[in-house]
Amino acid sequence: MAATILVVEDEPAIQELIAYNLKQAGHQPLRADNAEQALILVANALPDLVLLDWMLPGLSGIELARRLRADKRTRAIPIIMLTARSDEQDKLQGLETGADDYITKPFSPRELNARIKAVLRRRAPEMTDDMVQLGGLKLDPASHRVTGNGEPVDLGPTEFRLLHFLMTHAERVHSRTQLLDQIWGDHVFVEERTVDVHIRRLRKALEPTELDALVQTVRGTGYRFSAS
Ligand code: CA
């Protein structure tokens, strides 16, 4: 699945190369030459992941990572630090700052892609093409197919994304606001009851398979997918 990946890198040749490789891997790269530019892009829309150069002119990569982690809105964005240093001490500092992973330059496109995939799998499983199977439901992002107890389930694109997110974050309660941010994007103005409408549609689509009860309403809080 295509992820929007923000590349913060001041060396034009490296930035270009990374952006090219990301596109080849099916992602959508956003580019910033420095941390200040990155903050403006992030304020505009949340990326799915940030590739962050350690050594930047002005605000450093470490400082930017710290700021992203300190802000409630940007706290959960996965970050991979890029650096020319291979010093173990630096690596520790990077991870302490809240980076999810750390990659030393020079790296191959293959290594970069593998790291991105691993971090997304861990931090944003709804971004990957991994098959999800829970409580009799099977969702395959690659073919965009859902089956319930072996029977095909016909879902619209929004219900599909909603179910994918809920299944990859099962047993947790998500507020309507959280679901709006995740499924519709955090800068899209949609009323909270829109979530209820799509949850209703999702349950209706699941009804023939008798698996609609997996999508639970948590009164006063939001929704939860529970297979237990
Ligand atoms: Ca640099």
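Residues numbered from 1 in each chain as written. Predicted model: local features only at pLDDT ≥ 70, side-chain atom pairs only at ≥ 80, totals over all residues. Heavy atoms only, no water.

1. Observations concerning the domain arrangement of the chain
One frequent convention defines the size of an interface as the accessible area lost when the parts assemble.
For step 1, the next point in the chain: When the domains of the chain are assigned, the result is domain 1 (4–127) and domain 2 (132–225).
For step 2, the next point in the chain: Computed from C-alpha coordinates alone, the two centres of domain 1 and domain 2 are separated by 29 Å.
For step 3, the next point in the chain: For the pair domain 1 and domain 2, the summed buried area comes to about 520 Å², and 48% of that belongs to carbon and sulfur atoms.
For step 4, the next point in the chain: Taken together, domain 1 and domain 2 are joined by zero salt bridges.
For step 5, the next point in the chain: Between domain 1 and domain 2 we count one residue pair in polar contact (both at pLDDT 80 or more) in total.
For step 6, the next point in the chain: For the side of domain 1 that touches domain 2, a count of residues per class yields four nonpolar, one polar and two charged. (Domains from an automatic or database assignment. Buried area = accessible area lost by both parts, 1.4 Å probe. Salt bridge = Lys/Arg side-chain N within 4 Å of Asp/Glu carboxyl O. Polar contact = N/O pair within 3.5 Å; in protein donor to acceptor, adjacent residues only side chain to side chain. Nonpolar A, V, L, I, M, F, W, Y, C, P; charged D, E, K, R; others polar.)

2. Digging into the nonpolar core
For step 1, the next point in the chain: Counting residues in hydrophobic clusters, the biggest one holds 28 residues, and the most contacted among them are Leu137, Val146, Leu155, Leu163, Leu166, Leu202 and Phe225.
For step 2, the next point in the chain: At the level of secondary structure, the elements contributing two or more residues to this core comprise strand 7 (137–140), helix 6 (157–168), helix 7 (176–184), helix 8 (193–206) and strand 12 (222–225).
For step 3, the next point in the chain: No other element matches helix 6, which puts six residues into this core.
For step 4, the next point in the chain: Dropping the residues within four chain positions of it, Leu155 is found in contact with Val146, Phe160, Leu163, Leu202 and Ala205.
For step 5, the next point in the chain: Membership of the second largest hydrophobic core comes to 20 residues, among which are Val8, Ala65, Ala99 and Tyr102. (Core = buried A, V, L, I, M, F, W, Y, C linked by side-chain atoms within 4.5 Å. Buried < 20%, exposed > 50% of the residue type's maximum accessible area, 1.4 Å probe, protein only. Helix = DSSP H or I, 4+ residues; strand = E, 2+ residues; numbered from the N terminus. Contact = heavy atoms within 4.5 Å.)

3. Quick notes on unusual backbone geometry
For step 1, the next point in the chain: Following Lys105, the chain continues into Pro106 via a peptide bond in cis, with omega recorded as -5°.
For step 2, the next point in the chain: Assignment of secondary structure puts Pro106 in the loop between strand 5 (101–104) and helix 5 (109–123).
For step 3, the next point in the chain: Even without a glycine there, the phi angle at Glu210 is positive, about 60°.
For step 4, the next point in the chain: Here Glu210 lies in the loop between helix 8 and strand 11 (215–218).

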